[in-house]
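Residues per chain, in single letters:
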Amino acid sequence: MAEILLFHHAHGLTDGLRSFADRLRAQGHIVHTPDSYAGLTFDRLDDGLAHAQSIGHDAFAEVAHRAAREHRHASIVMGFSLGAAQAQQLAQDLPRIRGCLLMGGVLQPLALGGDWRHQVPLDIHLADPDEWVDEGALNGLTFRAPQARVFRYPDRRHMFMDRSLRDYDADAADLFEQRVEDWLDLVAQPVDHSAAARAL
């Protein structure tokens, strides 16, 4: 079992992401889904990006760190596109984080004010091609995290795994979820909660 913080993409905490979190819970994991948009969702990506810009980077960072404080035993982070920055930030900042999964977004470690912690397992899932993913940032992150695994999904669209979006592709989504399940089997080990609390 893993305790997970899952950060949503620019469309918001959609029904597709909620159902994905529910499927992880059905496997026995604890999944928290911080909502940076306070319940708003957007069908059009441009509208979601405009709303994100109005909120500002600092507010997203505060949502991530507040979620980490509220859920003191969560040790796995997942970030989808816009939410990748929140997940990556926590993975770099918090010693208790022992697994990070990024889907549709990456940043250079220095862009988040630090470096990648080499002991943290990192899986990255990307549509291929994906106009929203900077290959330079990807190369910069994987250089600092040489153990990272990068999975590409040819000829799929940016958020192919979200059933509520037009990007959705059933075959690619099924493969993605199987890979997530396998990864969680590797990183989800019993946690000493007292040690996790001391690591904050």
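See the structure printed just above.
Owing to the predicted nature of the structure, the values given are computational and were not obtained by experimental measurement.

J.: Where do I start with the nonpolar core in this structure?
T.: If you look at the biggest cluster of nonpolar residues, it comprises 29 residues, and the most contacted ones within it are Phe20, Met78, Phe80, Met161, Phe176 and Leu184. Listed by contribution, the elements that provide at least two residues to this core are β1 (3-7), α1 (15-26), β3 (76-80), β4 (99-103), β6 (149-154) and α6 (170-187). Counting residues per element, this core draws most heavily on α6, which supplies seven residues. Those residues in contact with phenylalanine 176, other than ones at most four positions away along the chain, are Phe20, Phe80, Leu101, Met103, His125, Tyr153, Phe160 and Met161.

J.: Before we go on, may I ask you to explain helix α4 (residues 84-93) in this structure?
T.: Since the α-helix turns once every 3.6 residues, residues separated by three or four places project in the same direction. Of all 10 residues making up α4, eight are buried, and the element is well covered by its neighbours. Close packing links the buried residues of α4 with β1, α3 (57-70), β3, β4 and α5 (135-144).

J.: Looking at this structure, I do not really get unusual backbone geometry. What am I missing?
T.: Phi is mostly negative for residues that are not glycine, and the peptide bonds are mostly trans. Between aspartate 128 and proline 129 the backbone carries a cis peptide bond, its omega angle lying at 0°. Summarising the element assignment, proline 129 is placed in the loop between β5 (122-128) and α5. Of note in this structure, alanine 38 is not a glycine but carries a positive phi near 50°. Overall, the relative accessible area of 72% leaves alanine 38 in the exposed class. With a phi close to 55°, serine 81 is a non-glycine residue in the positive phi region. Within the secondary structure, serine 81 is located in the loop between β3 and α4. Classification of serine 81 by relative accessible area gives buried; the value is 18%.

Analysis parameters
- Residues numbered from 1 in each chain as written.
- Predicted model: local features only at pLDDT ≥ 70, side-chain atom pairs only at ≥ 80, totals over all residues.
- Heavy atoms only, no water.
- Core = buried A, V, L, I, M, F, W, Y, C linked by side-chain atoms within 4.5 Å.
- Buried < 20%, exposed > 50% of the residue type's maximum accessible area, 1.4 Å probe, protein only.
- Helix = DSSP H or I, 4+ residues; strand = E, 2+ residues; numbered from the N terminus.
- Contact = heavy atoms within 4.5 Å.

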